[in-house]
Amino acid sequence: MPSQKQEGLEADVAGFGVETLVVADSVYNKELSWLAFNWRVLHMALDSRTPLLERLRFLAISARNLDEFFCNRVGALKRQEAAGVENLITIEPRMAWTPHQQLKHVAREVRLMVDTQIACLTDEVLPALEKKGVNLVDYDELHSHEKDLLRLYFKSSLEPILTPLAVDPGHPFPYIGNLTSSIAVVIRDPYDDAMQFAIVSVPSGLNRWKSLAFTKSDKQKRNTFVSVEQIIINNLDLLFGGMDIKSAHVFRTTRNADVARNEEEADDLLEMITDEMRELRFAPFVRLEVDCEMPLEVVHRLTVELGLSDKDDVYSICGPMALGELDSLPVKHKLNSPLVYPPWTAKTHPRLQGADIFEVIRKGDILLHHPYHSFVTSTQHFVEAAANDPKVVAIKATLYRTSNDSPIISALAKAAESGKQVAVLVELKARFDEVRNMGFAQKLEDAGCNVAYGLVGLKTHCKCIMVVRKEDERLRTYVHIGTGNYNPHTASVYTDFGLLSCDPDLGMDITDLFKYLTGYHRQVAFRKLLVAPGTMRSEFIWLIEREITNAQGGKPASIIVKCNGLDDQVMVTKLYEASRAGVKIDCIVRGICRIRPGISNVSDNIRVVSILGRFLEHHRVFRFENGGKPEYYIGSADWMTRNLTLRVEVVTPVEDESLKKELQAMLDACLCDRRKAWEMGPDGRYQLLGVGTMRSPPRKHTPQAASPNLITAVETMGLHEGLMQTVAKRCRKAKMVKLRKKCGSTVKSRRQYDTS
């Protein structure tokens, strides 16, 4: 992490009242908290213990994160600034910053982050990769014969699709898309010695990196690459025939993707989103990235044309542009190469190995843990089995994000085509997936599915599937309730839980939920589910208050919250109250977090941990001690205001004792990680656990369900590696037990599944 604190934030908050701690921008600011999270992502690239190509991947992830941050968060601040929101702020400055102040703080932090990204790439990662035979070379370093071959490549594959665009009184400034790279060219016409300006847009569909292995047999150069923009720049004479190229530099633009929706007045959500996508193509610019060697007069001209500020909106890049594309570098390497993480193949859940999925669910609930358990052989198989089963009469599902070639979509379409009743809520407002989801909605409608596009004023973020099956002349409902999207690609890199169950109460609750989502239905209360925006927040508050009462009565009292973001002021205030009452609280929050732990007489009993590693921590788990009878919940909701009030979210209790132990083991592992976990201090800054002054956490966690082997593994290797090792061992053991039973062998009495 940077040695200096983030500008504007107060480090010493001792003596602040709870209201100030909860509300003040100088204590917590969402934008700066998010940037602190991205510093932790970037640290994965800075950490020399991370394999080299994975360091490149984390550089790309941190850069794409910044792209999205500018599109959304900076875009929103720009919109507020333009609307004059700062004129409405009347409370003291430390409590609420104006949009202009926030943009200033953001710009300073981002400049430092971008400089760190470039230094990491050029000073550490690329030189280290060069020693391993992977080279990202500069065009000037190439031999003449290589330049000749690239010129032939330019003529055949690039020149026909490039359009040189003059900028003068007769040629207006061209359209430039969002997150696209272009080349600003200054040329001199030898005929009249006039200086001219032109732009060449780099088509976004091009492969960014060109290998110098021009034939399949040329293996020596197969991992040597040059960027396509350098190829274009060094062959501009073919685009501007007879002209003298004076300068050519890359620049990259970012447009505002924050939209102001008026859903209440929309006649059709699909039509509204379609219009919105069209408008976003021409949204205002919010960032300009330029080559650090670009002449100042060219920078100024671009800034004026794009309607930006020279000082605050322009970022000078002394290295490759668009680092988010670094992980598209087509490096050839061996399967077990030390350049990447050891390969991991998700395992089939022990109870689902070679068994009928509906029969297995009837025997007891199943807790799926991705990416350790295979999504394909569990959640995807559940939907595909339902689509093919003649006993299944209905399937209902919510879809927020999924993949382009989604097998879930195909299975639902197949089910409808075979005559089953299929109802799907496709959330059209899932940011950056609007166009894809509109395509899915159309495909499902064409197959005969009943499709809803979402609810006015709310995003449907819950992850639920229900299957109704006719068994013994009656209907039985099976459900899947998850923490992550129905996307096989992200399921291989995001950590998520999913519950498969045929609990009648959960079945009736999900049935009522779909009546609300697809029709006109008001549900005052659910039997077991916690549902937002209805009663979820109030039910969580009740659970916290029960812990407060137990602590005051001398009973065991503790709370563990694991989520992606925690910023809801109501929930944070309640957690501070619980801490003051003596409740031990562990917050495992990957991203933004409003809580300041370790403040005397306020948050002495609160610990905040953030874990980053080869997988993206994504599941939401909530544990309440309940006087020695712990209760566990999983679901789609973070403890953020948008989740609790502006989205449809579902959280379910996990009641099976063996599944509770599995959840507890995972939470134990999170709180014992000394390799990938970060601890927040009272000053709001994070420190990596296991090194330096944070060799040990301020409060040691005592494992309740995790085995000593798992704890040792996560302390030395990290959470993800420890769980991979444990799940692989458990699945091998289950497979051997089934094999011995099948062969008629005597199986020694032992635990088939441990909770390590």
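As recorded in an unreviewed UniProt entry, the chain goes by ATP-polyphosphate phosphotransferase and comes from Ceratodon purpureus.

(A) Spatial organisation of helix 17 (residues 657–672). If you check helix 17, its first and last C-alpha atoms are 22 Å apart, about what 16 residues at 1.5 Å a residue would give, namely 22 Å. Of all the 16 residues making up helix 17, twelve are buried; the element is thus mostly covered by neighbouring parts of the structure. Among all positions of helix 17, only Leu659, Lys660, Leu663, Gln664, Ala665, Met666, Leu667, Asp668, Ala669, Cys670, Leu671 and Cys672 are buried.

(B) Examining the environment of Arg222 more closely. As for its placement among the helices and strands, Arg222 is situated in the loop between strand 5 (209–211) and strand 6 (224–227). Overall, Arg222 belongs to the partly exposed group, its relative accessible area being 38%. Distance from Arg222 to Pro330, taken between C-alpha atoms, is 9.1 Å for residues 108 residues apart in sequence. For Arg222, the residues in contact, after removing those within four places along its chain, are Ser211, Ala213 and Lys332.

(C) View of empty space enclosed by the protein. Per the counting criterion, the structure on display carries six cavities of 30 Å³ or more. For the largest cavity, the calculated volume is near 290 Å³. If you trace the largest cavity, you find 25 residues lining it, with Gln6, Leu9, Asp683, Gly684 and Arg685 closest to the centre. Considering each element in turn, the lining of the largest cavity owes the most residues, four residues, to helix 2 (residues 30–46).

(D) Spatial organisation of the nonpolar core. Grouped together as the largest cluster of nonpolar side chains are 125 residues, with contacts concentrated most on Ile232, Phe540, Leu566, Ile595 and Trp639. Not counting chain neighbours up to four residues away, the residues in contact with Ile595 comprise Leu566, Val572, Leu575, Tyr576, Cys587, Ile606, Val608 and Met680. With 59 residues, the next largest nonpolar core counts Leu455, Ile481, Leu689 and Leu723 among its residues.

(E) Just the packing of aromatic side chains, in detail. Under the counting rule described, the total for this entry stands at 13 aromatic pairs. An angle of 10 degrees between the planes, with centres 4.7 Å apart, marks the rings of Trp34 and Phe69 as stacked. Taken together, the positions of Trp34 in helix 2 and Phe69 in helix 3 (residues 52–82) put the pair 35 residues apart, joining distant regions of the chain. Like Phe69, Trp34 is buried. Here Phe70 and Tyr315 contribute two aromatic rings whose centre-to-centre distance is 5.5 Å and whose plane-to-plane angle is 80 degrees, an arrangement assigned as edge-to-face. Placement of the pair is Phe70 in helix 3 and Tyr315 in strand 9 (residues 314–317), with a sequence separation of 245 residues. Given the relative accessible area of 2%, Phe70 is considered buried.

(F) Molecular detail of the layout of surface pockets. The computed volume of the second largest pocket comes to approximately 820 Å³. Secondary structure elements with two or more residues in the lining of the second largest pocket: helix 4 (99–131), strand 1 (135–136), helix 6 (228–233) and strand 7 (244–255). For the lining of the second largest pocket, the element with the highest residue contribution is helix 4, accounting for four residues. Its residues assigned to classes, the lining of the second largest pocket comprises 15 nonpolar, seven polar and eight charged.

(G) Region of the structure containing the packing of helix 10 (residues 376–388) against helix 11 (residues 407–417). Here helix 10 crosses helix 11 at 15 degrees, and the two axes come no closer than 8 Å. Considering their axes alone, helix 10 and helix 11 lie roughly parallel with respect to each other. Between helix 10 and helix 11 the crossing geometry is left-handed. Two secondary-structure elements touch here, helix 10 through Gln380, Val383, Glu384, Ala387 and Asn388 and helix 11 through Pro407, Ile408, Ala411, Leu412, Lys414 and Ala415.

(H) Structural detail: a negative patch on the surface. Residues Glu130, Asp138, Asp140 and Glu141 make up a contiguous surface patch of negative charge. For Asp138, the position within the fold is in the loop between strand 1 and helix 5 (144–158). Here Asp138 falls in the partly exposed class, since its relative accessible area comes to 32%.

(I) The side chain of Ser62, seen in detail. With respect to the helices and strands, Ser62 occurs in helix 3. Of the polar contacts made by the side chain of Ser62, one reaches the backbone oxygen of Leu59; its length is 2.8 Å. There is a polar contact of 2.9 Å between the side chain of Ser62 and the side chain of Gln117.

(J) A look at the pattern of salt bridges. A full pass over the atoms with the stated rule returns 43 salt bridges. Across the salt bridge formed by Asp67 and Arg252, the nearest N and O atoms sit 2.9 Å from each other. One end of the pair, Asp67, is in helix 3; the other, Arg252, is in strand 7, with 185 residues separating them in the sequence. With a relative accessible area of 8%, Asp67 lands in the buried category. The class of Arg252 is buried, set by a relative accessible area of 5%. A salt bridge links Asp313 to Lys78; its shortest N-O distance comes to 2.7 Å. With Asp313 in the loop between helix 8 (296–306) and strand 9 and Lys78 in helix 3, this residue pair connects regions lying 235 residues apart in the sequence. Each member of the pair Asp313 and Lys78 is classed as buried. One network of salt bridges, in which partners are shared, links Arg362, Asp389, Arg469, Glu471 and Arg476.

What counts, and where the lines are drawn
- Residues numbered from 1 in each chain as written.
- Predicted model: local features only at pLDDT ≥ 70, side-chain atom pairs only at ≥ 80, totals over all residues.
- Heavy atoms only, no water.
- Helix = DSSP H or I, 4+ residues; strand = E, 2+ residues; numbered from the N terminus.
- Expected span 1.5 Å × (residues − 1).
- Buried < 20%, exposed > 50% of the residue type's maximum accessible area, 1.4 Å probe, protein only.
- Contact = heavy atoms within 4.5 Å.
- 1 Å grid on protein atoms, 1.4 Å probe; cavity = no way out; pocket = protein on both sides within 12 Å on 5 of 7 lines; lining within 4 Å.
- Points joined across faces, edges and corners; volume = space filled by probe spheres on them.
- Core = buried A, V, L, I, M, F, W, Y, C linked by side-chain atoms within 4.5 Å.
- Phe/Tyr/Trp six-rings, centres within 6.5 Å; stacked < 30°, edge-to-face > 60°.
- Nonpolar A, V, L, I, M, F, W, Y, C, P; charged D, E, K, R; others polar.
- Axes fitted to C-alpha atoms, helices over the stretch in contact; angles between N-to-C directions.
- Parallel < 35°, antiparallel > 145°, perpendicular 65-115°, else oblique.
- Left-handed = near helix turned anticlockwise from the far one by under 90°.
- Patch = residues over 30% accessible without salt bridge, like charges linked within 9 Å, V, L, I, M, F, W, Y side chains within 5 Å.
- Areas by Shrake-Rupley, 256 points an atom, 1.4 Å probe, with all protein chains shown as cover.
- Salt bridge = Lys/Arg side-chain N within 4 Å of Asp/Glu carboxyl O.
- Lys, Arg positive; Asp, Glu negative; His and termini not counted.
- Charge placed at Lys NZ, Arg CZ, Asp CG, Glu CD.
- Polar contact = N/O pair within 3.5 Å; in protein donor to acceptor, adjacent residues only side chain to side chain.

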